[in-house]
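So you can see what is in the structure, the chains are spelled out below.
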Amino acid sequence: MGRWEVLLETQDEADFRDRLRRLREARTDESLIRIDTLCGRLVQPTTYRLSRFVAGPDGRIG
């Protein structure tokens, strides 16, 4: 009844941590935040993705 909205996708870990810190300071409900670390290994650099769950049009989460 909702979807994940990407807030940030970056290869800069400091940028990622800064955005996450700001969400926490704003007292964002952390159960609605998803953190993905996409490991690039040797071929591509690691990418960090920060997403927020957005309720559906009827306001329902689940």
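Structure: see above.
Below: a short report on this structure. A quick note: this is a predicted structure, and the numbers were derived from the prediction, not measured.

## A word on the side chain of T47
- Residue position: T47 is located in strand 3 (residues 47-55).
- Look past the residues within four positions of T47 in its chain and what remains in contact with it is E9, T10, Q11, D36, T37 and L38.

## Re the side chain of D36
- For D36, the location among the structural elements is in strand 2 (residues 33-38).
- A polar contact is formed between the side chain of D36 and the side chain of R34, at a distance of 3.1 Å.
- Not counting chain neighbours up to four residues away, the residues in contact with D36 comprise T47, Y48 and R49.

## So, the nonpolar core
- Among the nonpolar cores identified, the biggest contains seven residues, and these are L8, F16, L20, L23, I33, Y48 and L50.
- Looking at this core, the elements with two or more residues in it are helix 1 (13-25) and strand 3.
- Among the elements that line this core, the one with the most residues is helix 1, at three residues.

## A look at unusual backbone geometry
- You will see that R27, though not glycine, has its phi angle at about 60°, which is positive.
- As for its position among the elements, R27 is in the loop between helix 1 and strand 2.
- Under the relative-accessibility criterion, R27 is labelled exposed at 76%.

About the criteria used
- Residues numbered from 1 in each chain as written.
- Predicted model: local features only at pLDDT ≥ 70, side-chain atom pairs only at ≥ 80, totals over all residues.
- Heavy atoms only, no water.
- Helix = DSSP H or I, 4+ residues; strand = E, 2+ residues; numbered from the N terminus.
- Contact = heavy atoms within 4.5 Å.
- Polar contact = N/O pair within 3.5 Å; in protein donor to acceptor, adjacent residues only side chain to side chain.
- Core = buried A, V, L, I, M, F, W, Y, C linked by side-chain atoms within 4.5 Å.
- Buried < 20%, exposed > 50% of the residue type's maximum accessible area, 1.4 Å probe, protein only.

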